[in-house]
Amino acid sequence: MPELPEVDTICWRLREGGHGEPPLVGRTLVSVDVDDDAVLRSGDVAAARGGQVVDVTRRAKWITIHVAPTPTTKRTTAKTASSATAQSTRQSTIRLLVHLVMTGDLHVVPAVPARFVRWRARLDDDAWLVFTDPRRFGHLDVTDDDAPFFAGLGVEPLSDDFAPALLAGARRGRRAVKTALLDQSLVVGLGNIWADESLHVAGLDPRRALADLDDHELVRLHGAIKATLQQAIAEAQTELVWRYGNTAAPSPFRVYDRGGEPCRGCATTLSSTKLAGRTTVWCPRCQPAR
Ligand SMILES: [Zn+2]
């Protein structure tokens with residue numbers, strides 16, 4: 001399941017071009033069509049037809065494709081100040097709000113793939129933006145206001161709003177630190193992979209209660225989350241395949257999905273249990289219970 005680094009990498013690829021694909025930003029959507037009715041949750045894709053992609057942004061695990069209406073229908077008068085024009089363009093932007101959920105993916109490609117295409121947009125040079133999704137859990141909303149979709153989401157872990165004090169403020173009850181990291185109303189974008197990896201970097205047992213971690217441990221955890229996500233994004237931008245989908249290659253992870261295998265740091269056999277219904281893996285030596 002794509003988490004923050006993977007979703008961020010798709011946004012980067014669409015914004016700037018990468019992984020051998022050209023950027024989507026700057027292109028006109030000549031047509032937008034839904035191949036699988038189940039993918040469209042709200043809005044009308046016709047609203048984006050003829051518009052120009054001006055930005056691609058991420059919030060939590062959501063991707064927003066910002067589409068400015070076609071200039072011929074929204075032409076501004078010559079006396080409008082340029083800053084006001086930019087403002088009005090931003091306000092009137094149509095947003096294609098995409099959630100990949102499990103197996104969704106977005107690509108700019110020269111031809112439409114034969115399988116798994118749920119919606120597509122023809123671009124001005126006859127290339128295509130395609131949303132593929134074998135498992136069909138991913139979805140699309142077409143809206144002029146994405147803010148309501150983000151209500152209740154916690155802070156972005158790579159933003160300045162994410163601080164050790166935020167974790168300290170969540171020290172209540174007996175929930176495990178791993179469970180707290182999966183709580184999207186506290187901090188967004190961490191799933192099973194990057195929560196386990198961050199806790200190994202921090203040297204913290206995932207079963208310990210967040211409330212029992214002292215201030216030094218929270219600073220360590222905060223730093224580990226930031227560093228782990230930043231490294232994951234850097235690595236994902238240089239890879240052509242999702243690391244978790246590439247079952248033929250050896251696992252690139254420190255602990256995730258490696259229960260029973262040796263720790264890469266100390267060779268101790270990695271432990272495994274379920275926390276909040278999710279398989280959790282840690283090193284009993286690098287991540288002591290106390
Ligand atoms: Zn170890």
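See above for the structure.
What you see is a predicted model; the values in this text were computed from it and never measured. (Residues numbered from 1 in each chain as written. Predicted model: local features only at pLDDT ≥ 70, side-chain atom pairs only at ≥ 80, totals over all residues.)

## Focus on the pairing of strand β5 (residues 94-99)
Where we set the bar: Between the buried cut of 20 or more and the exposed cut of 12 or fewer other C-beta atoms within 10 Å of a residue's own C-beta lies the partly exposed class, and all C-beta atoms are placed from the backbone. Only runs of H or I of at least four residues qualify as helices and only runs of E of at least two qualify as strands under DSSP, and these elements are numbered from the N terminus. By the convention used here, strands pair only if DSSP detects at least 2 bridges between them.
The element β5 is largely enclosed, with a buried count of 5 among its 6 residues. Where strand β4 (residues 62-68) and β5 come together, 6 bridges link them in antiparallel fashion. Along β5, the bridge assignment pairs H66 with R95. Where β5 lies against strand β9 (residues 139-143), 5 bridges are found, and the strand directions are antiparallel. Considered in β9, the bridge of H99 is made with H139.

## With respect to the sheet that holds strand β8 (residues 128-132)
Adjacent strands of a sheet pair through backbone hydrogen bonds, lying either parallel or antiparallel. The line we're drawing: Axis geometry follows a simple rule: fit a line to the C-alpha atoms, using only the stretch in contact for helices, then measure angles between N-to-C directions, giving values from 0 to 180 degrees.
Overall, antiparallel pairing links the 4 strands, which are arranged β1-β7-β8-β6 in an open sheet. At either end of the open sheet lies a strand with only one pairing partner, and these are β1 (29-34) and β6 (105-109). For this sheet, the mean angle separating the axes of adjacent strands, direction not counted, is 15°. As paired strands, strand β7 (residues 117-123) and β8 are joined by 5 bridges and run antiparallel to one another. Each residue of the ladder has a partner; that of R120, found in β8, is V130.

## A few points about helix α5 (residues 192-202)
Cut-off, in case you're wondering: Two residues qualify as being in contact provided that their C-beta atoms, derived from the backbone, are within 7 Å of each other.
Counting buried positions along α5 yields 11 of 11 residues, so the element is predominantly enclosed. Taken as a whole, α5 has its buried residues at N192, I193, W194, A195, D196, E197, S198, L199, H200, V201 and A202. Contacts made by the buried residues of α5 are with α1 (4-16), α4 (177-181), α6 (215-238) and β11 (278-282). Within two residues after α5, G203 carries a phi angle of roughly 70°, on the positive side.

## A short note on the nonpolar core
Here is the rule: A set of buried residues qualifies as a nonpolar core if it consists of Ala, Val, Leu, Ile, Met, Phe, Trp, Tyr and Cys joined through C-beta atoms within 7 Å. For the purposes of this description, domain bounds are those given by an automatic or database domain assignment.
If you look at the biggest cluster of nonpolar residues, it comprises 63 residues, and the most contacted ones within it are I63, L96, V98 and V177. Here this core gathers at least three residues from each of two domains, domain 1 (4-150) and domain 2 (164-282). Filtering out sequence-adjacent residues up to four positions away, V98 remains in contact with I63, I65, L106, F131 and L140.

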